[in-house]
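# A look at the structure
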Amino acid sequence: MEEKQEEEKEYVRVSFNRILGKGSGEKALEIIKKKENAKIDLIKICESLNKTMTKRNKQLLVLYLVFIASKSDNKIQKNELEGLRDIVDLLELKDEDWNLIRSWVYKNKSSQMD
């Protein structure tokens, strides 16, 4: 399990560096390390995102989270799936949005969502 977490962190680091520029991945990992054992107020975060993000951007965010969750082993574990579903609900997305994301992932066979 710990090896899987390290692979996921490496994926985040590389993705941040690629998308936001060199060094941003390391900064992201520093933040993750500081917050790793801290309790995350997911409700508060999602409430804030609901005020600033469009529905389309929230769908893209969830899609990106699905890819991060599945990257290390091409599968999404049950607890990850439950967490993603919670985020979908907190972002005030509908079942049809979740089903659209799931169908896109299945169609592209990039991961398995149980």
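Refer to the structure printed above.
Let us look at the structure shown here. (Residues numbered from 1 in each chain as written. Predicted model: local features only at pLDDT ≥ 70, side-chain atom pairs only at ≥ 80, totals over all residues. Heavy atoms only, no water.)

Here we come to the pattern of salt bridges. Pairing is possible between side chains that carry opposite charge, provided their charged atoms lie close to one another. In this structure the tally under the stated criterion is three salt bridges. The partner of Asp97 in a salt bridge is Lys55, with the nearest N and O atoms 3.4 Å apart. Of this pair, Asp97 sits in helix α6 (residues 95-108) while Lys55 sits in helix α4 (residues 55-70), placing them 42 residues apart in sequence. Arg85 serves as the salt-bridge partner of Asp95, at 2.4 Å between the closest nitrogen and oxygen. In this pair, Asp95 sits in helix α6 while Arg85 sits in helix α5 (residues 78-90), placing the two residues ten residues apart along the sequence. The exposure class of Asp95 is partly exposed, given its relative accessible area of 49%. Each of Arg85, Asp89 and Asp95 takes part in one network of salt bridges that share partners. (Salt bridge = Lys/Arg side-chain N within 4 Å of Asp/Glu carboxyl O. Helix = DSSP H or I, 4+ residues; strand = E, 2+ residues; numbered from the N terminus. Buried < 20%, exposed > 50% of the residue type's maximum accessible area, 1.4 Å probe, protein only.)

With respect to the secondary-structure elements, Asn50 resides in helix α3 (residues 42-52). Overall, Asn50 belongs to the buried group, its relative accessible area being 18%. Among the polar contacts made by the side chain of Asn50, one reaches the main-chain carbonyl oxygen of Leu90 at a distance of 2.9 Å. Residue contacts for Asn50: discarding those within four places in its chain leaves Lys58, Leu90, Leu91 and Glu92. (Polar contact = N/O pair within 3.5 Å; in protein donor to acceptor, adjacent residues only side chain to side chain. Contact = heavy atoms within 4.5 Å.)

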